[in-house]
Amino acid sequence: MNFSLEGRTYVVMGVANKRSIAWGVARSLHEAGARLIFTYLNDRFEKPIKDLAATLEGQDALFYECDVTNDQAVSDTFAQIKEDVGTIHGLAHCIAFANKEDLQGEFVDTSRDGFLLAHNISAYSLVAVSKAAAPLMTDGGSIVTLTYLGGERVVKNYNVMGVAKASLDASMKYLANDLGKHGVRVNAISAGPIRTLSAKGIGDFNSVLKKIEEEAPLRRTITQEEVGDSAYYLLSNLSRGVTGEIIHVDAGYNILG
Ligand code: NDP
Ligand code: N5H
């Protein structure tokens, strides 16, 4: 079995900084020899991501601005990628957003706008991006998204994001069914809590991490690198028989009742 991703090209969406899960994915793919394409929200994030990517030795990365709420931006981005590199072999979707006020208190208080915003950025974006990216996967391909246990069961404060993740999980399965006939697989990784920019400022995050350390089967939290390596598996031929699946990379926490 050849574990190398040499000669293969992957799009990584959602690197905000070195703590991002997307950055863990990028590093695992880079170590396996892949060529990387990064997308970022707007020009505010262009320099930070370019500086970060410059630390990947020998990596000849490409960069595109892509706000996933903008249909034109999504189709323009993948049209440009097609022109610049031709075929891609996979894509990592590591994007989510909800208003801060909707990530505390009670879900019943969620506004219509807050609900739609969270679903637009965190769930519909996978559909839009998959539709634009799949035609570039002419040798077959693999798409991976990032989800969380709060989409499967009620987790305190996750609220509207839990409902958006349930939509993301179902979207992933319907996409897997549609795109399978074109040789494109679609899967999700359900990551355990990791301290990232998104998690910053969220009350009680320390106690969430402490509970995992006390109760998860492995008695510890997980890292960006561990999510990255599972994404590498899902984005490579090692997982060629797997689609429509959610892999929990959470030290086993989800099996607890
Ligand atoms: P980060 O804050 O590092 O990443 C979130 C990313 O979403 C940022 O890069 C941000 O881009 C991007 N984003 C937000 N809105 C848009 C938009 N309109 N268009 C394009 N990009 C956008 O956090 P994480 O690494 O934690 O999050 C990555 C994924 O992992 C998310 O789906 C999250 O729900 C999931 N996850 C995280 C867990 C955790 O504990 N951290 C646990 C389980 C799942 P920019 O920086 O340019 O604003
Ligand atoms: C149960 C929990 C803790 C409570 C809920 C956390 C939900 C987090 C997800 C979203 C994506 C966070 C979010 O949208 C934050 C924004 O309102 C403010 N932050 C930003 O705008 C920063 C600058 C940018 C970079 O962030 C984004 N997203 O663009 C869940 C935790 C135990 C696990 C967790 C943290 C899950 C998850 O999905 O991220």
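Everything that follows concerns the structure shown earlier in this document.
Residues numbered from 1 in each chain as written. Chains lettered and ligands numbered in written order. Predicted model: local features only at pLDDT ≥ 70, side-chain atom pairs only at ≥ 80, totals over all residues. Heavy atoms only, no water.

Trainee: What is the right way to look at the pattern of salt bridges in this model?
Mentor: Think of it this way: side chains of opposite charge can pair up when their charged atoms draw near. Evaluated as defined, the whole model comprises eight salt bridges. Arg-27 is paired through a salt bridge with Glu-225; the nearest N and O atoms lie 2.8 Å apart. Separated by 198 residues along the polypeptide, Arg-27 in helix α1 (residues 21-31) and Glu-225 in helix α7 (residues 224-235) bring together distant segments of the chain. By relative accessible area, Arg-27 is classed as partly exposed at 24%. Of the charged contacts in the structure, one is a salt bridge between Glu-215 and Lys-211, with a shortest N-O distance of 3.3 Å. Here Glu-215 and its partner Lys-211 are both found in helix α6 (residues 205-215), four residues apart, which amounts to about one turn of the helix. (Salt bridge = Lys/Arg side-chain N within 4 Å of Asp/Glu carboxyl O. Helix = DSSP H or I, 4+ residues; strand = E, 2+ residues; numbered from the N terminus. Buried < 20%, exposed > 50% of the residue type's maximum accessible area, 1.4 Å probe, protein only.)

Trainee: Explain the environment of Tyr-158 here, please?
Mentor: Summarising the element assignment, Tyr-158 is placed in the loop between β5 (141-147) and α5 (159-179). In contact with Tyr-158, not counting residues within four places along its chain, are Leu-103, Tyr-148, Gly-150 and Lys-165. (Contact = heavy atoms within 4.5 Å.)

Trainee: Looking at this model, I keep getting lost on the side chain of Thr-39. Mind explaining?
Mentor: Within the fold, Thr-39 resides in strand β2 (residues 35-40). Non-local contacts of Thr-39, meaning those with residues more than four positions away in its chain, are made with Val-11, Val-12, Met-13, Gly-14, Ile-49, Tyr-64, Cys-66 and Thr-77.

Trainee: Help me understand the packing of helix α3 (residues 71-85) against helix α4 (residues 112-133) in this model?
Mentor: In a packed pair of helices, the relevant descriptors are the angle between the two axes and the axis-to-axis distance. As a packed pair, α3 and α4 sit with axes 9 Å apart at the nearest point and diverge in direction by 35 degrees. Pair α3 / α4 crosses with right-handed handedness. Packed against α3, whose contacting residues are Asp-71, Val-74 and Phe-78, the element α4 presents Tyr-124, Ala-128, Val-129, Ala-132 and Ala-133 at the interface. Class assignment of the residues belonging to the contact of α3 with α4 gives a composition of seven nonpolar, no polar and one charged. (Axes fitted to C-alpha atoms, helices over the stretch in contact; angles between N-to-C directions. Left-handed = near helix turned anticlockwise from the far one by under 90°. Nonpolar A, V, L, I, M, F, W, Y, C, P; charged D, E, K, R; others polar.)

Trainee: Got a minute to help me understand the nonpolar core in this structure?
Mentor: One recurring pattern in soluble globular proteins is that nonpolar side chains are buried together. Of all hydrophobic cores here, the largest spans 48 residues; its most connected members are Leu-29, Leu-36, Phe-38 and Val-227. Looking at this core, the elements that each hand over two or more residues are β1 (9-13), α1, β2, α2 (46-53), β5, α5, β6 (184-191) and α7. Tallying contributions element by element places α1 first for this core, with six residues. Setting aside residues no more than four positions away along its own chain, Phe-38 makes contact with Val-12, Val-15, Trp-23, Ala-26, Ile-49, Ala-53, Leu-56, Ala-61, Leu-62, Phe-63 and Tyr-64. Counting 30 residues, the second-largest nonpolar core is a separate cluster that includes Ile-37, Ala-123, Val-129 and Val-184. (Core = buried A, V, L, I, M, F, W, Y, C linked by side-chain atoms within 4.5 Å.)

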